[in-house]
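What follows is each chain in one-letter form.
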Amino acid sequence: MEKKKDIVMSGIRPTGFLHLGNYFGAISNYVKMQEEFNCFFMVADLHSLTTHPDTKELKANVYRVLAENIACGLDPDKVALYCQSHLSETAELYLYLNMMAYKGELEKTTTFKDKVRLNPENVNAGLLTYPVLQTADIILHRAKYVPVGKDQEQHLEMARTFTNRFNHRYGEVFPEPVAFNYNQKLVKVPSLDGEGKMSKSESQLATLYLADSDDMIIKKVMKAKTDSGPSEKNAPKPDYIENIFTLMNLVCTPATIQHFEDDYNNCSIRYGDLKKQLACDMVNFIAPIRNKVDAILKDEDGLKQIMKKGAEKANISAAETMKQVRKAMGLNYF
Ligand code: AMP
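This is a predicted model, so every value here is computed, not measured. (Residues numbered from 1 in each chain as written. Predicted model: local features only at pLDDT ≥ 70, side-chain atom pairs only at ≥ 80, totals over all residues. Heavy atoms only, no water.)

Trainee: Explanation requested: the environment of Thr-15 in the structure shown.
Mentor: Considering the arrangement of structural elements, one finds Thr-15 in the loop between β1 (7–12) and α1 (20–33). According to the relative accessible area criterion, Thr-15 is partly exposed, its value standing at 28%. Separated by 119 residues in sequence, Thr-15 and Gln-134 have C-alpha atoms that sit 16 Å apart. When sequence neighbours within four positions are dropped, the list of residues in contact with Thr-15 reads Ser-48 and Lys-200. Within the local environment of Thr-15, its side chain forms a polar contact with the side chain of Lys-200, the two groups lying 3.2 Å apart. (Helix = DSSP H or I, 4+ residues; strand = E, 2+ residues; numbered from the N terminus. Buried < 20%, exposed > 50% of the residue type's maximum accessible area, 1.4 Å probe, protein only. Contact = heavy atoms within 4.5 Å. Polar contact = N/O pair within 3.5 Å; in protein donor to acceptor, adjacent residues only side chain to side chain.)

If you want it as structure tokens, here you go:
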């Protein structure tokens, strides 16, 4: 008998153009994992509502995220690629899990504290319970592995806490979900200005988007912060130089990286040359994806079909889970 495949789940919010952080933190693993696991990947439109986007833009953004995932190599015939709001069971499970999530622990979440600081006038309950909704998304398919970037580490810890609490109170329904990156550390793609990470909304000039034109990519890379170079051999790198090498590791060949490492270590590095090389390799990486996205977006009917088919696959798994959940919780009265 064929061995049952382990279940994988992850999602991306439709809050703007996808960037290199989304690619290397999440999508590149989705593409690898689709070959060996039973995968559920979604566009997290409900999560995006927590920050009150202009919902007139939602549809275009959802289609774009779908197209960007497919352009990066995700095959909708191999995975369930769907939109979060198409699974009504998510809301039901979220409700049950909310009764197991405590105000104190939710208030301590780093992403919640950041959002409160940035937007003190919008501290809504959905924002506070964001990790609960995320847990519902994951365990709705009884997923074991969750491919995500480093910024999601704390949310995954919370997902394990809520899952274990459910299992402890009502009986073992769910496996413990873990953040996944093929036994490597979770990825954080740094921003080009040497501060923080690439992101959809903050520091747009320091983030490389999969939709950026060649000229824009070159402009952003050439503006990355450098200095006049080290004056001592084998000196440690300042953070902003380390970040540039981290970015090189994503797209340049090992020989190119070694060349600039050697130049750095013997104090002959020319950052202008390094950035030109990095810009060229980034263009070669991003341009084919950007062109594919443009082509996929032209076929709106095709994307609609993909979303529908994805929701059908995801619905089967969600319905089975909720049957088990209601039974475990004693909510089956007939
Ligand atoms: P989000 O854009 O917040 O919906 O995140 C979608 C996925 O991309 C999540 O798995 C994140 O962990 C990942 N991600 C977002 N930004 C970065 C980054 N700068 N480095 C690594 N992974 C990231």
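More follows now that the structure is in view.
Trainee: So what exactly am I meant to see when it comes to the pattern of salt bridges here?
Mentor: One side chain can pair with another of opposite charge once the charged atoms of both are near each other. Applying the stated criterion across every chain, the model contains 18 salt bridges. In this structure, Asp-214 engages Arg-290 in a salt bridge whose closest nitrogen and oxygen atoms are separated by 3.0 Å. Of this pair, Asp-214 sits in helix α10 (residues 214–222) while Arg-290 sits in helix α13 (residues 271–297); the two residues are 76 residues apart in sequence, bridging distant segments of the chain. Residue Arg-290 is classed as buried on the basis of its relative accessible area of 14%. (Salt bridge = Lys/Arg side-chain N within 4 Å of Asp/Glu carboxyl O.)

Trainee: I'm lost on the site of the ligand in this one. Help?
Mentor: Within the structure, the ligand sits among 18 residues, and Arg-13, Gly-149, Asp-151, Val-189 and Lys-200 are positioned closest to it. Within the backbone of Gly-149, one N or O atom sits 2.8 Å away from an oxygen atom of the ligand. In this structure, Val-189 approaches the ligand through a main-chain N or O atom, which is 2.8 Å from a nitrogen atom. If the ligand stood free it would expose 480 Å²; the protein chains cover 95% of that surface. At the level of secondary structure, the elements contributing two or more residues to the shell around the ligand comprise β1 and α1. Ranked by residues supplied to the shell around the ligand, first place goes to α1 with four residues. (Near = heavy atom within 4 Å. Areas by Shrake-Rupley, 256 points an atom, 1.4 Å probe, with all protein chains shown as cover.)

Trainee: Please explain the environment of Tyr-170 as it appears in this structure.
Mentor: By secondary structure assignment, the location of Tyr-170 is in helix α9 (residues 153–170). Remark: the alpha-carbon pair of Tyr-170 and Val-325, spanning 155 residues in sequence, is separated by 8.5 Å. If we ignore the near neighbours within four places in the chain, the residues touching Tyr-170 are Met-100, Ala-328 and Met-329.

Trainee: Is there a simple way to think about the packing of aromatic side chains in this case?
Mentor: The full count for this structure, using the stated rule, is 11 aromatic pairs. Between Tyr-23 and Phe-285 the ring centres are 5.1 Å apart and the planes differ by 80°, which places this aromatic pair in the edge-to-face class. One end of the pair, Tyr-23, is in helix α1; the other, Phe-285, is in helix α13, and 262 residues separate them in sequence. Accessibility expressed as a relative area gives 13% for Tyr-23, which makes it buried. Aromatic pair Tyr-30 and Phe-41: ring centres 4.0 Å apart, planes at 10°, arrangement stacked. With Tyr-30 in helix α1 and Phe-41 in strand β2 (residues 38–43), the pair connects residues that are 11 residues apart, well separated along the chain. We note Lys-237 situated over the ring of Tyr-264; from NZ or CZ to the ring centre the distance is 5.3 Å. (Phe/Tyr/Trp six-rings, centres within 6.5 Å; stacked < 30°, edge-to-face > 60°. Lys NZ or Arg CZ within 6 Å of the ring centre and 35° of its normal.)

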